[in-house]
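Topology and contacts: notes
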Amino acid sequence: MARERSRLKPTEAELSLLNVLWKIGPSTVRQIHDAVSETQHTGYTTVLKILQIMHDKSLVTRDETNRAHVYSPANSEVFTQSSLLKDLAMKAFGGSTSKLVMRAIGDSTSKKEIEDIRQLLNKLEQQA
């Protein structure tokens, strides 16, 4: 089954590079490689190749006006997270968001996280 480019989900390696781009903004391959190298051993050419694949998959855009191409995420962090969560809910929880949330909360949640969740639920109730 062929998938549309806009529906392709990032791999773990691609998500790692997207996290860098969301954190530091539009960047060259060198800047992205430097940021990734702070936490993992990855070669420059590997980062370049992954970015090229991501560009082909429309996960990033590439500004080619300068000698060093500048990459930017094609979608926001929130959009990508929401898309991945919807996909996970469908695949692992039969489409049930509440089952996904209950599993996530039940596995390991700190008191601070519980308070943050409580505040979010209160806000959502007020909006309803």
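Up top you'll find the structure we're talking about.
Rules used throughout
Residues numbered from 1 in each chain as written. Predicted model: local features only at pLDDT ≥ 70, side-chain atom pairs only at ≥ 80, totals over all residues. Heavy atoms only, no water. Axes fitted to C-alpha atoms, helices over the stretch in contact; angles between N-to-C directions. Helix = DSSP H or I, 4+ residues; strand = E, 2+ residues; numbered from the N terminus. Left-handed = near helix turned anticlockwise from the far one by under 90°. Contact = heavy atoms within 4.5 Å. Nonpolar A, V, L, I, M, F, W, Y, C, P; charged D, E, K, R; others polar. Pairing = 2+ DSSP bridges.

Geometrically, a packed helix pair is captured by the angle between its two axes and the distance between the axes. Relative to each other, helix α2 (residues 29-37) and helix α3 (residues 44-56) sit at 115°, their axes nearing to 9 Å. In this structure, α2 meets α3 at a crossing whose hand is right-handed. Residue-level inspection shows V29, R30, I32 and H33 of α2 in contact with α3, the latter providing Y44, V47, L48 and L51. Tallied by class, residues from the contact of α2 with α3 come to 6 nonpolar, 1 polar and 1 charged.

As a further point, take the pairing of strand β3 (residues 70-73). Relative to β3, strand β1 (residues 27-28) runs antiparallel, the two sharing 2 bridges. Looking across to β3, one finds that T28 is bridged to V70. Sheet topology places strand β2 (residues 60-63) next to β3; 4 bridges connect them, and they run antiparallel. Bridge assignment links V60 to a residue of β3, and that residue is P73. Counting the residues that bridge the hairpin from β2 to β3 gives 6 residues.

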